[in-house]
Amino acid sequence: MRSPRRTKASHLAAVPSLMMRHELRLLASVWLWAARRTHGASAGGSVFGYARGQGAMMFGFGFVCVIESVMMSVLLWDWPTAHHVVLVLDVYTIVFVIGLHAASVVRPHVLDPGGGTLRIRRAVHVDVRIPLERIASVHRELRTTHERVDGELDLAVGAQTSVTVRLAEPVAHVTFFGRRHEVHVVRCHADDPGGLVRAVERAREGHAVP
């Protein structure tokens, strides 16, 4: 049995590789967004976006980053070394913001009736596969506040969730740093929550999703 100290050390050692993989996924998402392609969409499946709820916020954040970059570039013009370092960091921050939004656009929720799964995602951070037979109920539920509760996973977008999925049997959720949790309630946001709920209900009944 591995000791807690050794387990913690192994988690810390894995952080650099996890961060690198995260950055590469963000860059890949920017490319997919520019190419108008979707990640993880299966033949015969349906995709449900959720990025519309954060579009204005991400645009505003990106605009602030651009203004800050210009101002710092002017202020540090007479200090070339500091100017170059800050410029690289500012450009990286802008690319990071674009990558976060792009990841949300190109990695939507995916319903695959043929494979019998509902894939709930949020950017490159969360990807939960739920077998349709484990879903006890799915319904629209607008929530703007969320409390941390064991066994519940809240994937808010723009500080809100609009769909609640309750499970008859828990599914595994693996966090960004590789920790495994069993969840029996998943709340997420969808641009068309009613469409997602109806599609899941039809898929559970064995009907094709248009």
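Before reading on, note that the structure itself is shown above.
Okay, so let's go over this structure. (Residues numbered from 1 in each chain as written. Predicted model: local features only at pLDDT ≥ 70, side-chain atom pairs only at ≥ 80, totals over all residues. Heavy atoms only, no water.)

### Observations regarding the overall build of the protein chain
Working step 1: When helices and strands are counted, the protein chain shows 4 helices and 8 strands.
Working step 2: Expressed along its principal axes, the backbone C-alpha trace of the protein chain runs to roughly 70 × 50 × 35 Å.
Working step 3: Relative to its full complement of 210 residues, the protein chain shows a buried share of 36%.
Working step 4: Of the contacts formed within the protein chain by residues at least 6 apart in sequence, a portion of 66% connects residues at least 24 apart.
Working step 5: On the protein chain, roughly 12700 Å² of surface is accessible, and the fraction owed to carbon and sulfur atoms is 61%.
Working step 6: Of the side chains in the protein chain, 25 bear a positive and 18 a negative charge, and the two mean positions are spaced by 6 Å. (Helix = DSSP H or I, 4+ residues; strand = E, 2+ residues; numbered from the N terminus. Buried < 20%, exposed > 50% of the residue type's maximum accessible area, 1.4 Å probe, protein only. Contact = heavy atoms within 4.5 Å. Areas by Shrake-Rupley, 256 points an atom, 1.4 Å probe, with all protein chains shown as cover. Lys, Arg positive; Asp, Glu negative; His and termini not counted. Charge placed at Lys NZ, Arg CZ, Asp CG, Glu CD.)

### Observations concerning the nonpolar core
Soluble globular proteins: nonpolar side chains tend toward being buried together.
Working step 1: With 25 residues, the main nonpolar core has Leu111, Leu118, Ile130, Ile135, Val163 and Val165 as its most contacted residues.
Working step 2: Those elements giving two or more residues to this core turn out to be strand S3 (117-122), strand S4 (126-131), strand S5 (135-143), strand S6 (152-155), strand S7 (161-174), strand S8 (180-188) and helix H4 (193-204).
Working step 3: Here this core gets 5 residues from one element, more than from any other, and that element is H4.
Working step 4: With 8 residues, the next largest nonpolar core counts Leu26, Val97, Leu100 and Ala103 among its residues. (Core = buried A, V, L, I, M, F, W, Y, C linked by side-chain atoms within 4.5 Å.)

### Section: the environment of Arg140
Working step 1: Considering the arrangement of structural elements, one finds Arg140 in strand S5.
Working step 2: When the C-alpha atoms of Arg140 and Gly194 are compared, they prove to be 6.6 Å apart, with 54 residues separating the residues in sequence.
Working step 3: Here Arg140 is in contact with Ser162, Pro193, Gly194 and Val197, once residues within four sequence places are set aside.

### Quick word on the packing of helix H2 (residues 55-75) against helix H3 (residues 80-106)
Working step 1: The contact between H2 and H3 brings their axes to 10 Å, and the two run at 170°. It follows that H2 is roughly antiparallel to H3 by the angle criterion. Across the interface between the two elements, Gly55, Met58, Phe61, Gly62, Cys65, Val66, Glu68, Ser69, Met72 and Ser73 of H2 pack against His83, Val86, Asp90, Thr93, Ile94, Val97, Leu100 and His101 of H3.
Working step 2: Residues of the contact of H2 with H3, tallied by class, amount to 9 nonpolar, 7 polar and 2 charged. (Axes fitted to C-alpha atoms, helices over the stretch in contact; angles between N-to-C directions. Parallel < 35°, antiparallel > 145°, perpendicular 65-115°, else oblique. Nonpolar A, V, L, I, M, F, W, Y, C, P; charged D, E, K, R; others polar.)

### Considerations on the pattern of salt bridges
Working step 1: Enumeration according to the criterion identifies 6 salt bridges in this entry.
Working step 2: Of the charged contacts, one joins Glu141 and Arg143 as a salt bridge, the two residues approaching to 3.2 Å between their closest N and O atoms.
Working step 3: In this structure, Arg180 and Glu182 form a salt bridge, with 3.7 Å as the shortest nitrogen-oxygen distance.
Working step 4: Residues joined in a network through salt bridges with shared partners are Glu141, Arg143, Glu152, Asp154 and Arg187. (Salt bridge = Lys/Arg side-chain N within 4 Å of Asp/Glu carboxyl O.)

### Observations concerning the sheet that holds S8
Working step 1: If you walk across this open sheet you meet the 4 strands as S5-S7-S8-S6, and the pairing is mixed. With one partner strand each, in any of the chains shown, S5 and S6 form the two edges of the open sheet. Strand-to-strand twist across the sheet, computed as the mean angle between neighbouring axes with direction ignored, equals 35°.
Working step 2: As defined by bridge partners, S7 adjoins S8 across 8 bridges and the pair is classed as antiparallel. By the bridge assignment, Arg166 is partnered in S8 with Val185.
Working step 3: Seen against the sheet, H4 touches S5 and S7 and runs at an angle of roughly 175° to S5. (Pairing = 2+ DSSP bridges.)

### Observations concerning H4
Working step 1: With 12 residues, H4 should reach 16 Å at 1.5 Å per residue; the first-to-last C-alpha distance of 17 Å fits that figure.
Working step 2: Burial in H4 covers these residues: Pro193, Gly194, Gly195, Leu196, Val197, Ala199, Val200 and Ala203.
Working step 3: Looking at the packing, one finds that the buried side of H4 touches strand S1 (46-48), strand S2 (109-112), S3, S5 and S7. (Expected span 1.5 Å × (residues − 1).)

### Notes on the sheet that holds S3
Sheet strands pair by backbone hydrogen bonding; their relative direction is either parallel or antiparallel.
Working step 1: If you trace the 4 strands from one edge of the open sheet to the other, you get S1-S2-S3-S4, paired in antiparallel fashion. Unpaired on one side and paired on the other, S1 and S4 mark the two borders of the sheet. The sheet shows a mean angle of 15° between the axes of neighbouring strands, taken without regard to direction.
Working step 2: Sheet topology places S3 next to S4; 6 bridges connect them, and they run antiparallel. Paired with Thr117 across the bridge in S4 is Pro131.

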